[in-house]
Amino acid sequence: MKAPASFIYSRWRHGGWYVHNVRYPSGAIGCVSRNYPDGKWRIVCDPRGFDAGPTFKNRDDAARAEWALVNGAAA
């Protein structure tokens, strides 16, 4: 399966962005944010945890990585 060419976002109440093209098996929607002291983009629900999870240059890179994480694909 190939990642979407673009992602659809809406604001999340805690300062991040919902990613509507990313769906977890549980039905949860993707979420990315840079609402952190270092201002770097992260996957909000990254199972690797804050210190082990990667950071990203921009919102689209974070969304693409979350899509790959959920779909078991390489970003």
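An account of the accompanying structure is given in this report.

Cut-offs and rules
- Residues numbered from 1 in each chain as written.
- Predicted model: local features only at pLDDT ≥ 70, side-chain atom pairs only at ≥ 80, totals over all residues.
- Heavy atoms only, no water.
- Pairing = 2+ DSSP bridges.
- Helix = DSSP H or I, 4+ residues; strand = E, 2+ residues; numbered from the N terminus.
- Contact = heavy atoms within 4.5 Å.
- Axes fitted to C-alpha atoms, helices over the stretch in contact; angles between N-to-C directions.
- Core = buried A, V, L, I, M, F, W, Y, C linked by side-chain atoms within 4.5 Å.
- Buried < 20%, exposed > 50% of the residue type's maximum accessible area, 1.4 Å probe, protein only.
- Expected span 1.5 Å × (residues − 1).
- Polar contact = N/O pair within 3.5 Å; in protein donor to acceptor, adjacent residues only side chain to side chain.
- Phe/Tyr/Trp six-rings, centres within 6.5 Å; stacked < 30°, edge-to-face > 60°.
- Lys NZ or Arg CZ within 6 Å of the ring centre and 35° of its normal.

### Considerations on the sheet that holds strand β2 (residues 17-23)
Spatial strand order, β1-β2-β3-β4: four strands in an open sheet with antiparallel pairing. Whereas interior strands pair on both sides, the edge strands pair on one side only; in this sheet they are β1 (9-11) and β4 (42-43). Pairing geometry for strand β3 (residues 29-33) and β4, over two bridges, is antiparallel. Bridge pairing links Ser33 to Arg42 in β4. Across the sheet, helix α1 (residues 59-71) is in contact with β1, β2, β3 and β4; its angle to β2 comes to roughly 35°.

### What to know about the nonpolar core
One finds Phe7, Tyr9, Val19, Val22, Val32, Trp41 and Phe56 to be the most contacted residues of the largest nonpolar core, which totals 16 residues. Only β2 and α1 provide two or more residues apiece to this core. Ranked by the residues each element gives to this core, the list is headed by α1, at six residues. Beyond its immediate sequence surroundings of up to four residues, Tyr9 is in contact with Trp17, Tyr18, Val19, His20, Arg59, Asp60 and Ala63.

### Observations concerning α1
The end-to-end C-alpha separation of α1 is 18 Å, in line with the 18 Å expected for 13 residues at 1.5 Å each. Within α1, the full set of buried residues consists of Ala62, Ala63, Ala65, Glu66, Trp67, Ala68 and Val70. Here the buried face of α1 lies against β1, β2, β3 and β4. The N-cap residue of α1 is Asn58: its side-chain oxygen and the backbone nitrogen of Asp60 are 3.2 Å apart. Of the residues trailing α1, Gly72 is marked for its positive phi of about 65°.

### Here's the deal with the environment of Asn71
Relative to the helices and strands, Asn71 resides in helix α1. Along the backbone, Asn71 and Arg23 are 48 residues apart, and their C-alpha atoms lie at a distance of 8.9 Å. Polar side-chain contacts of Asn71 include one of 2.8 Å to the backbone oxygen of Trp67.

### Overview of the packing of aromatic side chains
Enumeration over the complete set of coordinates arrives at two aromatic pairs. Seen in terms of ring centroids, Tyr9 and Trp17 are 6.4 Å apart; in terms of plane orientation they differ by 80°. Their pairing is edge-to-face. For the pair Tyr9 and Trp17, one class covers both residues: buried. The positively charged end of Arg59 is found above the aromatic ring belonging to Trp17, 4.4 Å away from the centroid.

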